[in-house]
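Each chain is listed here by its residues.
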There are 2 protein chains.
Amino acid sequence: MDEIKNIRLILEYDGTAYHGWQRQKNGISIQEALEDNLRIMLGEPVSVIGSGRTDAGVHALHQVCNFKAASDIPPEALRRGMNSLLKDDIFILRAEYVPEGFHSRYSAGSKSYEYRIWNRREKNLFLRHYSWHVHESLEITGMGECLSLLTGRHDFSSFKSAGSGNLNPVREMMRAEVSANEEGIVTFVFEADGFLRHMVRNIVGTVVDVGRGRRSIDEFREIFHSLDRKKAGIKAPPQGLFLTMVNY
Amino acid sequence: MDEIKNIRLILEYDGTAYHGWQRQKNGISIQEALEDNLRIMLGEPVSVIGSGRTDAGVHALHQVCNFKAASDIPPEALRRGMNSLLKDDIFILRAEYVPEGFHSRYSAGSKSYEYRIWNRREKNLFLRHYSWHVHESLEITGMGECLSLLTGRHDFSSFKSAGSGNLNPVREMMRAEVSANEEGIVTFVFEADGFLRHMVRNIVGTVVDVGRGRRSIDEFREIFHSLDRKKAGIKAPPQGLFLTMVNY
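Residues numbered from 1 in each chain as written. Chains lettered and ligands numbered in written order. Predicted model: local features only at pLDDT ≥ 70, side-chain atom pairs only at ≥ 80, totals over all residues.

K.L.:
What is the right way to read the overall build of chain A from this model?
P.N.:
From N to C terminus, chain A includes 5 helices and 10 strands. Its C-alpha atoms give chain A a radius of gyration of 19 Å, within 12% of the compact-globule value 18 Å for 248 residues. For chain A, long-range pairs separated by at least 24 residues make up 71% of all intrachain contacts whose partners lie at least 6 apart in sequence. (Helix = DSSP H or I, 4+ residues; strand = E, 2+ residues; numbered from the N terminus. Rg over C-alpha atoms; globule rule 2.2 N^0.38 Å. Contact = placed C-beta atoms within 7 Å.)

Here it is, written out as structure tokens:
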């Protein structure tokens, strides 16, 4: 009965109202909302391990986390209970037992992100929390050429955030694409074995400079090869970013 | 300089955070947000007249209102100033002088509404404020047949709200249609020379009963012809409703 179980949650969330994934003092985080309600459900305090952090305002369609608990409550009952306790901007899609050694972050294989831009001159009130508004018309083909330079195994130092420390900046990028639909939405898709802090937002900010004609594709290539963060463009704002998959 | 001008605003808003259009004591309304900020901009109190009320949680892609003021501030400057004062869930698309006799409500010709349903089994976190979640698969053709009964000049008493009073319940419906897209969104479109209180939401609630097989098209026809509100289905929730046009 007191055997410790390892439980994995797959969840989605609207990050608008949260100060990111990680528990902190400034305001409520996704991790805190989960831990506080798990404590109510389980009657014991637990530490939730996420597959990775998301920044304030960033969303997730598929985030993965796990925690260890002694409680015997079946995972599906836990899921339902949690969904009724949590606010309507976090929803647990699945809860299940996983082997003792499973760790959401260390066990993760690859991750996927989407970044969405609202690309019309007029603002879109209803997408204000779910897209970056770029009003200049974006040239999709040129942006796609930039992204194709990123696939493969590379040093992504040019796109790491200032506070990344001296983490190994080499990552394997499996997918880096951009497309536009007729409703005015431009969507970037990235898949890699890992992402440096702010890497997607820094890439998007720099590629968009090419899309709106402020930089050439050659300049983008130079920035990428320079390994110098100071050469890259602005960091795209958080509300356009969605964590869409974590593979194990 | 002190000549009174009649100024018309065309605006859009996300109604999620508001207690509807009309000023009231329970909480902040769209009208109140406009009047409070117009007072700051103009230096004089004004009364804003809307084309009609929207309920708490209902949105507008195109709402029209007008007010009279002595101020000489040019409408475009007023528009920009208001947009910087207002929160990001209200946006003024246009501001312009109109003839003295223009009245947003009395002068209105026809109005259009859209009602959006999220029609997949799983909930959609990101549309929770912008759609009604109906998880049973909806039969679009049958709902379309119901709606085709509504076009033309009819007594809509079956779909008026209890608190409508003894207003003339006859309205001319120019358009009543439904369609589904591949992303799981079912959209109703209505255009009429006027709508009774809660009329769109009562129609949608009843038509959806046909769509999910709980009522037949014949039953819908009987309800419509009975002129008895108590026979109709539930009132669809507010967050799926959008005021999309007011014609003059």
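K.L.:
Can you help me understand the relation of the copies chain A and chain B in this one?
P.N.:
One copy of the chain maps onto the second through a rotation about an axis and a displacement along it. At an RMSD of 0.0 Å, chain A and chain B line up after a rotation of 180° and a shift of 0.0 Å along the axis. Taken together, these values place the two copies in the relation of a two-fold axis. Comparing contact sets, 100% of the residues at the interface of chain A also lie at the interface in chain B, consistent with an isologous, same-surface contact. (Least-squares fit on C-alpha atoms with pLDDT ≥ 70 in both.)

K.L.:
What's the story with the interface of chain A and chain B in this structure? I'm lost.
P.N.:
Accessible area lost on assembly of the parts is the figure often given for the size of an interface. The partner chain B presents 10 residues to the 10 residues of chain A that form the contact. Counted by class, the side of chain A that touches chain B contains 4 nonpolar, no polar and 6 charged residues. (Nonpolar A, V, L, I, M, F, W, Y, C, P; charged D, E, K, R; others polar.)

K.L.:
Before we go on, may I ask you to explain helix H5 (residues 217-226) of chain A in this structure?
P.N.:
Since there are 3.6 residues in each turn of an α-helix, residues three or four apart along the chain are aligned in direction. Residue and element names in this part refer to chain A. Every buried residue of H5 is listed here: Phe220, Ile223 and Phe224. Buried residues in H5, looked at end-on, bunch into an arc of 95°, giving them a common side. Elements that come into contact with the buried residues of H5 comprise helix H3 (140-148) and helix H4 (199-211). Positive backbone phi, at 60°, marks leucine 227, one or two positions downstream of H5. (Buried ≥ 20, exposed ≤ 12 C-beta atoms within 10 Å, placed from the backbone. Arc of directions from axis to C-beta.)

K.L.:
What should I look at first to understand the domain arrangement of chain A in this one?
P.N.:
Residue and element names in this part refer to chain A. What the domain assignment lists for chain A is domain 1 (5-98) and domain 2 (110-247). Centre-to-centre separation of domain 1 and domain 2, based on C-alpha positions: 28 Å. Each partner contributes residues to the interface: domain 1 has 14 residues there, and domain 2 has 10 residues. Taken together, the residues of the side of domain 1 that touches domain 2 break down into 5 nonpolar, 8 polar and 1 charged. (Domains from an automatic or database assignment.)

K.L.:
I would appreciate a short explanation of the pairing of strand E10 (residues 241-247) of chain B in the present structure.
P.N.:
Moving residue by residue along a regular strand, the side chains alternate between the two faces of the sheet. Residue and element names in this part refer to chain B. The pairing of strand E3 (residues 59-69) with E10 spans 2 bridges and is parallel. Across the sheet, the residue bridging to histidine 59 is phenylalanine 242, located in E10. With 6 bridges joining them, strand E5 (residues 110-118) and E10 adopt antiparallel strand pairing. Paired with tyrosine 115 across the strands is leucine 241, a residue of E10. (Pairing = 2+ DSSP bridges.)

K.L.:
Teacher, can you tell me more about unusual backbone geometry here?
P.N.:
Negative phi characterises most residues that are not glycine, and trans characterises most peptide bonds. Its identity is not glycine, yet A:His198 carries a phi of approximately 65°, on the positive side. As for its position among the elements, A:His198 is in the loop between strand E9 (185-192) and H4.

K.L.:
Please explain the environment of A:Asn247 as it appears in this structure.
P.N.:
All names here are of chain A. Looking at the element boundaries, asparagine 247 is found in strand E10 (residues 241-247). As a C-alpha pair, asparagine 247 and glycine 144 span 103 residues in sequence and 24 Å in three-dimensional space. Sequence-distant contacts of asparagine 247, that is, excluding residues within four places in its chain, are made with Gly109 and Ser110.

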